Amino acid sequence: MGDLMQMLTALMGGKQISIDECCKDGRVRGIDNQDCTAIPLISESTTCRIVQEQCCAAVLEDNICTSGINMAKEQGVCDTQFTGSTCETKTAKMCCDCCLLGRAAREHGLTCDHSLSLGYQCGLVSRACCDDGAPDVETSNSLVSDKDNETLTEKENPLPNNMCSSGLAKCAQECVGNSTCACFKGYKLKPDGKNCEDINECLLGASNCRGGEHCINTVGSFRCQREVSCGTGYELTDSNNCKGQRSQHNASYRGKRNKEGSICMIHDSYIHDKLDLSVHINECLAQTEPCRPGQLCMNTMGSFTCQRNSINCGRGYHLNDGGNRCVDIDECKGPDGACAGHGCINLVGSFRCECKAGFIFNSISRVCEDINECRHYPGRLCAHKCENVLGSYKCSCTQGFKLASDGRNCDDLNECESSPCSQECANVYGSYQCYCRRGYQLSDIDGINCEDIDECALPTGGHICSYRCNNTPGSFYCTCPASGYTLAPNGRSCQDVDECVTGTHTCSVTESCFNVQGGFRCLSFECPTNYRQAGEIRARVERSDTIRCVKSCQPNDIGCVLDPVHSISHTVISLPTFREFTKPEEIVFLRTMSPAHSSPQLSSDIVFDILEGNVQNSFDIVKRQEHGMIVGVVRQVKPLIGSLNMVLKLAMNYVTSGVVSHRNIVNVHIFVSEFWF
């Protein structure tokens, strides 16, 4: 694998760069604590970039892990030393904890190659700290360096047995007596007793690197590298020391070679220090009065110059034409003077400004500055808002107000004069309010326009009109079915038209007109054989009317006499479609002449029954006592959706001693409307 890595190269500008050089550059940048993900690349090769980044990251990780190991060895505790959740802190704490684990195993006499399922790096650190200071029994006699291994002779080698000589021991590096495997120097035996793994001397602290040098682990060994470069004029030797380079200069100065081999150019303005280095001389300090009186000495590199000592006049003065004394400056001269349009008064060595109204003189900057009246007199100048302007101020009002004639106060603005609302407007102090006429509502978007209210679409819209609701701008109107109904005076309800009363029906003279909700029915009742009608035929039948046929047998008609049915009655009822059917509705009452409490000796009773026409079991009949008499009550127990016509055939059975003595039949003609009203 090592030979293969040496063969890999990256091409850059015609120069072959080995993978080792890429790794070396990455490790150097890792030593300098550079960001491994943003280091300068030395090649366009992707392989070289990966090697640079990984070698750099390995150095940083080794440094972080080493700090954790050192903390474990020196402090013996980790939890209080490494706090936080950064990747570096977690790595350092992991190495510290794993080192403490190895040291604990050594103190309790346990084997360093424990069988715990630790991570790879944690396992290495734990075994390294466990082995640190403990004798290596397995490899103490067999750890040899590469150089020593070359000089070993077969005679000096431990005595092999047949297993070693025959190769059956299958040792990765060395086979010693009794077919025991051993490792070279810089390696240690793995738990399998045959293979060897590298010892990280940098983690164990077993390196001999000096201060200022960084330990870099290699396979089977380690090397030390300087943390700081040698600097200009020096080069790094194979022994990791700095050696001076010979400098070549072409100059007219005389030269002297220093101890490290570089040449120091010597001039009359330079001297040698104790280290034989060239040092510049400051002639202005080293010589007594190098310049003539009235001149000033100025030191330069390698020499000095003399300059005329000029007179410095203070603020407000300048040199006269002769250049020998200072005279006052009249700052007020000129079109504007020093006061920029304000009044100016010249003083000896100074001046003073007479500022205009709205300005104040600043004695430090010596200019007239605008007075911010709004800041100096807050809330006292303007009723609403104050805006500073140069030399004065200006008042303004908030929305909904206008500036009064005095320029300071604010009057309410009547916005309704400009008709901002689509319908009605009410002026309020500082604002206005739009509102709408009946049937409209204010828009939620702008609060100005009025939108029609669709009363028919409201949650209660279904109850506004009995039948149908029609929306109009600002209102609505109700309508009823085309026939059988008329709109009530309230404009919302629908009233049934009684065609039997108004004479708008089409029944013949032999038929009876019965009004139903939304229409009418022409009824004709004929009594069956052996029965005759009691009463006259009516042109109009009311709900409470009953048409009754009583039994009338012919002489000697035994079958007729024995027939228990004494009467057959007809009654008519009109029902709506129940919109909300919550409980049984009582529709027909069958009244009898039998007392509720008959004599016990008679043992009589009345039994009510539904014989035919009970669609979907929508009806039942119950017996009740009213005013001491027995009454049968027919109830609707389920809703019916119209329009629907049916005949409910009922029986009133008179039972004496358990036997039906006679029976009355009642036919209830039911007409269910398609509407609920």
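- Per an unreviewed UniProt entry, the chain carries the name Fibulin-1 and comes from Oncorhynchus mykiss.
- Recorded in UniProt under Subcellular location (unreviewed entry), the annotation for the chain is "Secreted, Extracellular space, Extracellular matrix".
- Comment text from UniProt for the chain, heading Sequence similarities (unreviewed entry), reads "Belongs to the fibulin family."

## Section: the pattern of salt bridges
Then, number 1: Applying the stated criterion across every chain yields a total of twelve salt bridges.
Then, number 2: Notably, a salt bridge pairs E387 with K394, separated by 3.8 Å at the nearest N-O pair.
Then, number 3: On the accessibility criterion, E387 (40% relative accessible area) is partly exposed.
Then, number 4: Across the pair R624 and E586 runs a salt bridge whose closest N-O atoms are separated by 2.5 Å. Taken together, the residues span a long stretch of sequence, with R624 in strand β43 (residues 619-626) and E586 in strand β41 (residues 585-595) at a distance of 38 residues.

## A short note on the UniProt feature "domain: EGF-like" (unreviewed entry) in the chain
Then, number 1: Following the UniProt record, the feature "domain: EGF-like" (unreviewed entry) maps to residues 328-369, 412-451 and 452-495 here.
Then, number 2: Helix and strand shares over residues 412-451 are 0% and 40% respectively, and the end C-alpha atoms of the span are 29 Å apart.

## A closer look at the pairing of β43
Then, number 1: Pairing of β43 with strand β44 (residues 629-636), which is carried by eight bridges, proceeds in the antiparallel orientation. Across the sheet, the residue bridging to F619 is Q636, located in β44.
Then, number 2: Counted along the chain from β43 to the antiparallel partner β44, the turn is two residues long, and its residue H627 has a positive phi close to 55°.

## Here's the deal with the pairing of strand β46 (residues 659-672)
Then, number 1: Pairing of strand β40 (residues 565-575) with β46 involves ten bridges; the strand directions are parallel. By the bridge assignment for β46, S574 is matched with F671.
Then, number 2: Relative to β46, strand β45 (residues 644-656) runs antiparallel, the two sharing 13 bridges. Considered in β46, the bridge of V655 is made with V660.
Then, number 3: Here β45 folds back onto β46 in antiparallel fashion, the turn holding two residues, of which S657 has a positive phi close to 55°.

## Some words on the UniProt feature "domain: Anaphylatoxin-like" (unreviewed entry) in the chain
Then, number 1: Taking the UniProt record as the reference, the feature "domain: Anaphylatoxin-like" (unreviewed entry) is found at residues 22-56.
Then, number 2: The span residues 22-56 is 60% helical and 0% strand by assignment, and the distance between its end C-alpha atoms comes to 10 Å.

## Side note on the layout of surface pockets
Then, number 1: As a volume, the second largest pocket reaches approximately 380 Å³.
Then, number 2: Together, 20 residues line the second largest pocket, and T546, S569, F589, L590 and V666 are the ones closest to its centre.
Then, number 3: Counting residues per element, the lining of the second largest pocket draws most heavily on β41, at seven residues.
Then, number 4: Across the lining of the second largest pocket, the residue classes break down as ten nonpolar, seven polar and three charged.

## What about the sheet that holds strand β42 (residues 604-612)?
Then, number 1: One open sheet accounts for six strands, arranged β37-β39-β40-β46-β45-β42; its pairing is mixed. What marks the edges here is a single partner per strand, and that holds for β37 (531-534) and β42. When the angles between neighbouring strand axes are averaged without regard to direction, this sheet yields 20°.

## Let's talk about the nonpolar core
Then, number 1: Among the nonpolar cores identified, the biggest contains 23 residues, and I587, L590, F619, L648, L650, V668 and I670 are the most heavily contacted of them.
Then, number 2: Secondary-structure elements contributing two or more residues to this core are β40, β41, β42, β43, β44, β45 and β46.
Then, number 3: Among the elements that make up this core, the one with the highest residue count is β45 (five residues).
Then, number 4: When sequence neighbours within four positions are dropped, the list of residues in contact with I587 reads R543, I573, L575, F619, V634 and I670.
Then, number 5: M71, A72, C122 and V125 belong to the second largest nonpolar core, which has 13 residues in total.

## Comments concerning the side chain of S574
Then, number 1: Counting through the fold element by element, S574 comes out in strand β40.
Then, number 2: In this structure S574 comes out as buried when scored by relative accessible area, which is 12%.
Then, number 3: Among the polar contacts listed, one links the side chain of S574 to the backbone nitrogen of Q517, at a separation of 3.2 Å.
Then, number 4: Here S574 is in contact with F514, N515, V516, Q517, R543 and F671, once residues within four sequence places are set aside.

## Re the packing of aromatic side chains
Then, number 1: The tally for this structure, following the rule as stated, stands at nine aromatic pairs.
Then, number 2: For the ring pair Y485 and F677, a centre distance of 4.9 Å and an interplane angle of 75° mean the geometry is edge-to-face. Remark: F677 occurs in the segment after β46 and Y485 occurs in strand β33 (residues 485-487); sequence separation between them is 192 residues.
Then, number 3: The exposure class assigned to F677 is buried, which follows from its relative accessible area of 11%.
Then, number 4: Taking 5.5 Å as the distance between ring centres and 85° as the angle between the ring planes, the aromatic pair formed by W676 and F677 counts as edge-to-face.
Then, number 5: Here the aromatic cluster, defined as three or more aromatic residues joined through ring pairs, consists of Y467, Y485, F675, W676 and F677.
Then, number 6: Above the ring of F351, the side-chain terminus of R366 is found at 4.7 Å from the ring centroid.

## Things to note about unusual backbone geometry
Then, number 1: Cis peptide bonds are those with omega within 30 degrees of zero, and the linkage from G642 to S643 qualifies with 0°.
Then, number 2: Within the secondary structure, S643 is located in the loop between β44 and β45.
Then, number 3: Positive phi values are uncommon outside glycine, yet N617 reaches one of about 50°.
Then, number 4: Within the secondary structure, N617 sits in the loop between β42 and β43.
Then, number 5: N617 sits in the exposed class, given a relative accessible area of 55%.
Then, number 6: Here the phi dihedral of S657 falls at roughly 55°; this positive angle occurs in a residue that is not glycine.
Then, number 7: Along the chain, S657 turns up in the loop between β45 and β46.
Then, number 8: Judged by its relative accessible area of 56%, S657 falls in the exposed class.

## Focus on the environment of V389
Then, number 1: Note that V389 resides in strand β23 (residues 385-389).
Then, number 2: Along the backbone, V389 and D370 are 19 residues apart, and their C-alpha atoms lie at a distance of 8.4 Å.
Then, number 3: Ignoring any residue separated from it by four or fewer positions in sequence, one finds V389 in contact with D370 and K394.

How each quantity is defined
- Residues numbered from 1 in each chain as written.
- Predicted model: local features only at pLDDT ≥ 70, side-chain atom pairs only at ≥ 80, totals over all residues.
- Heavy atoms only, no water.
- UniProt positions renumbered as here; feature names shortened; annotations may be inferred.
- Salt bridge = Lys/Arg side-chain N within 4 Å of Asp/Glu carboxyl O.
- Buried < 20%, exposed > 50% of the residue type's maximum accessible area, 1.4 Å probe, protein only.
- Helix = DSSP H or I, 4+ residues; strand = E, 2+ residues; numbered from the N terminus.
- Pairing = 2+ DSSP bridges.
- 1 Å grid on protein atoms, 1.4 Å probe; cavity = no way out; pocket = protein on both sides within 12 Å on 5 of 7 lines; lining within 4 Å.
- Points joined across faces, edges and corners; volume = space filled by probe spheres on them.
- Nonpolar A, V, L, I, M, F, W, Y, C, P; charged D, E, K, R; others polar.
- Axes fitted to C-alpha atoms, helices over the stretch in contact; angles between N-to-C directions.
- Core = buried A, V, L, I, M, F, W, Y, C linked by side-chain atoms within 4.5 Å.
- Contact = heavy atoms within 4.5 Å.
- Polar contact = N/O pair within 3.5 Å; in protein donor to acceptor, adjacent residues only side chain to side chain.
- Phe/Tyr/Trp six-rings, centres within 6.5 Å; stacked < 30°, edge-to-face > 60°.
- Lys NZ or Arg CZ within 6 Å of the ring centre and 35° of its normal.

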